[in-house]
Every structure is written in C-alpha cells, then in structure tokens.
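Residue strings, one per chain:
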Amino acid sequence: MSKLVGSIKEAIKLAGLKDGMTISFHHHLRNGDMVAVMVLDVISELGIKDLNVNISSIFDTHEPFIEYIRDGVVTGIETDYMGGVVGRAVSEGIMNKPVIFRTHGGRPSDIINGVSPIDVAFIAAPTSDCMGNCTGKYGKSACGSLGYAFADAMYAKKSVVITDNLVDYPLVDYSIAENYIDYVVNVDKIGEPSGIVSGTTKITKDPVGLVIADYAARAIEASGLLKDGFSFQTGAGGASLAAAKYLKDIMLKKNIKGSYGLGGITSYMVDMLKEGCFKALYDVQCFDLGAVESIRTNPNHMEVTAAHYASPTAKSSAVDSLDVVILGATEIDTDFNVNVHTDSNGYIMGGSGGHSDTAAGAKMSMIVAPLSRARLPIVVDKVLCKSTPGNTVDVLVTQRGIAVNPLRQDLADAFRGAGLPVVDIFDLRDMAEKLNGKPNKPVLGDKEVAKVLYRDGQLLDTIYNVPVK
C-alpha cells in the first residue's frame with residue numbers, strides 16, 4: 001500500500017478542495033519555503049477561489065500571495081507573523097477581510113479546539129516515506145523541528161505531505177506519523193535550506209547592544225531565578241544572543257545546571273546545551289543550520305509541538321514552567337505594553353509569534369531594546385498596536401538603564417541591591433524624546449486590515465490601514 005500520488009494537482013483533487021475552504025501551511029523553511037507558493041500556483045490553475053489560508057508565519061518569500069489576493073484565490077489569512085513585503089500590501093488595504101493574527105500558542109489551541117478548522121493541510125516535509133511518516137531532521141532541505149505542523153496534520157480533514165526526499169518505508173525517527181496523513185507527493189525541491197536563517201542570528205558587536213546584553217545577564221543573575229533547574233528562552237536578535245552568551249559565562253562560572261532551553265533554537269543555545277548549562281533543549285523551530293544538525297544528532301535536543309510549547313488550553317505547556325524569557329520590541333509604552341506587529345508608520349512587519357505566550361508564562365519577561373532606532377524613540381506614550389499586554393511584561397533593559405514594571409517591586413529591589421541602574425520608564429521616554437524629538441503619530445485610515453488576538457482568543461487590538469499617498 002502507498003499514499004503516494006503523482007502530483008500536487010492530483011492530491012488537491014483527491015482531497016476535495018473547493019471554493020471557500022481553508023488550507024494551511026507551516027513556516028519551518030522560513031524564507032526558503034517553496035511549498036506554499038507551489039501549492040497556490042496549482043490551486044490558481046484549477047480555478048479554485050475564495051480560500052482562507054492559515055499559515056503559521058508569512059515571510060518575504062511569500063510575496064506571490066499578493067497576486068493570489070488580487071486574483072481572488074486567497075480572500076482570508078490567519079497567521080502568527082507577517083513579514084514586511086506582504087504586510088505592506090495588507091496594510092494598504094489589499095484585502096477585504098482583516099487578517100487574523102494569533103500567537104504561536106493560540107494557533108494550535110484554536111485548531112485543536114475547532115475554533116479554526118482546516119480543510120486541507122499541506123505539510124512541507126524534508127523527508128517522508130510513501131505512507132506519510134515524515135520529519136524535518138533529514139534530507140537536502142532539512143529544517144529541523146516541525147513543531148508548528150503537528151496540529152495541522154493531526155486535525156485537518158485532509159493532510160498532504162509534500163517532500164523532496166522520499167525514502168523507503170518505514171522512515172525511522174519520524175516526527176509526524178502516517179496515521180494523520182492522507183496523501184504524499186514527491187517533488188524536486190521544497191525549499192532552500194539556507195533560507196531558514198531569518199534575520200539576525202549572530203551576536204551583536206554594537207557597543208550599545210553589548211551594554212544592553214550585559215545589563216540583561218546581570219539582571220537575570222540578580223533576579224534570584226538563576227539557580228539549578230533554571231529554564232530560559234531567548235530570541236535570535238543580536239543583543240538577545242549576546243545576553244545569552246554573557247548568561248552562559250555566569251552559569252559556567254557558578255556551575256549552575258539549568259533544566260531546559262526553549263523556543264526557536266539557535267547555535268548559541270546548542271552551545272549552552274553542549275557545555276552543560278541545560279539538561280535539554282525543547283525545540284519548536286530551528287533558527288539556523290547548527291540547530292538543525294543538533295536536533296538530528298543529540299537526543300537531549302528534543303522536538304516539541306507548538307501546543308506543547310505554548311498552548312494556553314493544553315493540560316500544560318513548556319512556557320508555563322519558564323523562568324526567564326528575553327524578547328524584543330518595536331515599541332513599548334509607559335504601561336509596558338509592547339508592539340511587535342507594526343513599524344512606526346503603522347505598516348505590518350511582524351507579529352507576536354511566541355512573544356505574548358512566553359511573556360505570560362515566564363516568571364520574568366524581559367524586553368531588550370536600544371533607547372531609539374533610526375532616531376525614533378522605543379519608549380512611547382501609547383503603542384500603535386498592543387501585541388503583548390503590559391501586565392505580563394516585567395522588565396525593559398536599555399543602554400540607559402533598566403525600567404521595572406511597578407507590579408514587580410521585588411525585581412526593582414533586587415536589581416538595585418546588585419548595583420544595576422534602575423530607572424523609571426517615564427524617564428526613559430523623556431531621555432529618548434530629548435535625543436530624538438517627540439515622534440508624530442501616523443495618520444491611519446478607518447479600514448480594519450488586521451485583528452490581533454491574544455493567546456486565549458480574545459481581541460487584543462485592531463490594526464487599521466495606512467492610506468496610500
């Protein structure tokens with residue numbers, strides 16, 4: 001028996017895809033992904049219209065989505081993150097229906113609980129057998145973890161695996177099992193492996209970033225959380241990675257043995273695992289090829305599903321036990337609300353991803369950011385979009401000092417006791433405005449282009465269109 005079919009077109013027909021249905025994709029190949037566009041090309045040829053696309057993240061490689069929207073092939077989008085190319089078109093009002101933004105934990109929660117049903121899931125799989133047992137750990141397009149694809153494969157009415165490395169049955173060390181898969185398609189190429197490296201995945205050399213990273217690591221040390229059993233997540237930004245390096249040095253010096261590192265995993269977190277800083281890594285997505293190699297070869301580097309990572313409706317998830325998370329921000333306001341969805345002009349250029357999931361779960365959530373970028377203050381009176389609510393954000397670390405949420409007086413006291421420069425967030429705002437001037441708020445339209453849902457599904461904010469000049 002085999003589930004192998006001759007083409008994507010045949011799989012689409014067998015799956016019964018029709019106008020008005022919902023299809024889904026995952027984003028583990030990131031800017032190297034070719035599958036979403038490949039599938040939508042075929043769907044367009046078949047004349048199928050009015051589709052809702054649920055994709056865990058949209059990158060600039062998905063620019064052809066803009067034409068599918070214009071042609072009426074795609075009329076709805078649900079996602080956790082949207083890069084600036086598609087984001088600009090959406091912000092200028094290309095869609096009639098607003099995009100639905102979820103979090104990395106909210107998405108699998110809503111799929112599993114039937115809030116966001118999927119008719120046909122298309123799973124880009126770097127290796128698969130003829131029955132659909134598949135993994136991202138092996139093959140010429142290896143991307144590592146397939147954490148965001150599990151809910152799609154398991155709960156879609158029909159699931160299609162698309163691979164460029166078909167191996168003999170049974171595949172050993174599979175991630176997603178055959179019992180969830182309906183059809184398998186073998187193609188020449190599903191993506192560019194180098195494209196999974198998205199954005200900055202190198203430690204900053206900028207002096208300002210290094211000051212911020214030093215403060216961040218010292219604040220974690222002073223918090224009382226850095227002890228045996230410590231759990232930690234950081235992003236792939238330059239300052240965040242530098243903070244992780246400084247933290248590693250502290251852990252090695254003090255012989256602290258952490259429990260797990262979490263999230264999107266980079267080579268720097270792999271180094272911390274190798275040097276004994278953590279017992280294990282929980283990996284929902286690999287940010288670079290060093291992480292891909294590690295998850296393939298190290299049994300203590302473990303793949304986790306997006307639900308295991310951060311679902312608010314799971315019986316438990318890894319973010320629930322997280323001690324510290326280091327996060328970034330486009331803007332943060334004086335109530336500690338954070339914007340990671342739009343730029344200062346109101347254009348969509350990001351999304352929560354796991355931002356608000358980890359902020360809610362961690363014992364200490366820390367934002368690291370310079371006081372200004374491109375002569376625009378980071379600290380503002382009110383963010384353009386509330387991506388993560390301020391009552392879940394504990395600390396802002398800048399090169400001019402550390403602001404602590406008034407809800408966390410314990411942390412402010414601990415930081416002062418360690419000699420760290422604790423400052424009021426209003427003072428940081430004033431410093432930034434003195435250096436850069438008070439920014440003008442953009443004039444936005446009245447068309448709703450996106451709705452930002454919190455991890456529990458509640459509406460957190462609405463993004464309005466940027467008028468085209």
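Treat the numbers as computed from the prediction; the structure is a model and nothing was measured.

Conventions and cut-offs
- Here, residues in each chain are numbered from 1, in the same order as that chain's written sequence.
- Residue-level local features of this predicted model are given only where pLDDT is at least 70; pairs of side-chain atoms are given and counted only at 80 or more, and the full residue set underlies all totals for whole chains, interfaces and linings.
- Water and hydrogen atoms play no part in the side-chain values, which are based on all heavy atoms of the structure.
- The criterion is simple. A nonpolar core is a set of buried Ala, Val, Leu, Ile, Met, Phe, Trp, Tyr and Cys residues joined through side-chain atoms within 4.5 Å.
- Burial classification: accessible surface area is computed with a 1.4 Å probe over protein chains only, and a residue below 20% of its type maximum counts as buried, one above 50% as exposed, and the rest as partly exposed.
- Starting at the N terminus, helices and strands are each numbered in turn, a helix being any DSSP run of H or I of at least four residues and a strand any DSSP run of E of at least two.
- In this analysis, two residues are considered to be in contact whenever any of their non-hydrogen atoms come within 4.5 Å of each other.
- Here, the arc refers to the directions that run from the helix axis to the C-beta atoms.
- Here a strand pair is declared whenever DSSP counts at least two bridges between the two strands.
- Note on definitions: angles span 0 to 180 degrees between N-to-C directions of axes, and those axes are lines fitted to C-alpha atoms, for helices only across the stretch in contact.
- One side-chain nitrogen of Lys or Arg within 4 Å of one carboxyl oxygen of Asp or Glu is enough to make a salt bridge.

The next thing to look at is the nonpolar core. Ranked by internal contacts, the top residues of the largest apolar core, which has 114 residues, are Ile23, Ile43, Ile162, Ile220, Phe232, Met366 and Phe415. Broken down by element, this core gets its largest block of residues, eight residues, from helix H7 (residues 207-222). Discounting residues that sit within four places of it in the chain, Ile23 has contacts with Leu17, Leu40, Ile43, Leu51, Asn52, Val53, Asn54, Ile118, Val120 and Phe122. Judged by nonpolar contacts, the second largest core, of 32 residues, contains Tyr148, Ala306, Val319 and Val340.

To continue, consider helix H13 (residues 409-417). The set of residues buried in H13 consists of Leu411, Ala412 and Phe415. Summarising the axial view, the buried residues of H13 lie within an arc of 100°, below the 170-degree limit, and thus occupy one face. Buried positions along H13 lie against H7, strand S18 (364-368), strand S22 (395-398) and strand S23 (401-404). In the segment just after H13, Gly419 is the residue with positive phi, at about 80°.

Bringing the pairing of S22 into the picture now. Side chains Val395 and Val397 of S22 all project onto a buried face; the interleaved residues Leu396 and Thr398 project onto the opposite face, where all are buried too. In this structure, S18 lies alongside S22, joined through three bridges in parallel fashion. Bridge pairing in S22 links Val368 to Val397. Sheet analysis places S22 next to S23, joined by four bridges and oriented antiparallel. Each bridged residue has a counterpart across the sheet, and for Val397 the counterpart in S23 is Ile402. What sits between the antiparallel neighbours S22 and S23 is a turn of two residues.

Across the sheet, which stays open at both edges, the eight strands sit in the order S14-S13-S12-S11-S15-S18-S22-S23 with mixed pairing between neighbours. With one partner strand each, in any of the chains shown, strand S14 (301-303) and S23 form the two edges of the open sheet. Put simply, the sheet's adjacent strands are angled 20° from each other on average, direction ignored. Across three bridges, strand S13 (residues 278-286) lies against S14 in parallel orientation. The partner of Leu281 across the bridge, within S14, is His301. Along the sheet, H7 contacts strand S11 (231-234), strand S15 (324-327), S18, S22 and S23; its crossing angle with S18, the most-contacted strand, is approximately 170°.

This next bit is on the sheet that holds strand S24 (residues 448-453). The strand order across the open sheet formed by ten strands is S1-S10-S9-S6-S2-S3-S4-S5-S24-S25, and the pairing between neighbours is mixed. Strands with a single pairing partner mark the edges of an open sheet, and in this sheet they are strand S1 (4-5) and strand S25 (459-464). Bridge analysis of strand S2 (residues 22-25) against strand S6 (residues 120-125) gives two bridges, and the strand direction is parallel. If you follow Ser24 over to S6, its bridge partner there is Ala121. Packing against the sheet, helix H1 (residues 8-15) makes contact with S1, S6, strand S9 (158-163) and strand S10 (183-186), and its axis sits at approximately 165° to S10.

What follows concerns the pattern of salt bridges. All told, the structure shown has 23 salt bridges when counted by the stated rule. Among the salt bridges present, the one from Arg88 reaches Glu92, with a minimum N-O distance of 3.6 Å. With relative accessibility at 31%, the residue Glu92 sits in the partly exposed group. For Arg107, the salt bridge goes to Asp152, with nearest N and O atoms at 2.7 Å. Taken together, the positions of Arg107 in helix H5 (residues 106-112) and Asp152 in helix H6 (residues 150-155) put the pair 45 residues apart, joining distant regions of the chain. Accessibility assignment for this pair places Arg107 and Asp152 in one class, buried. Because the salt bridges share partners, they merge into one network encompassing Asp381, Arg429, Asp430, Glu433 and Lys438.

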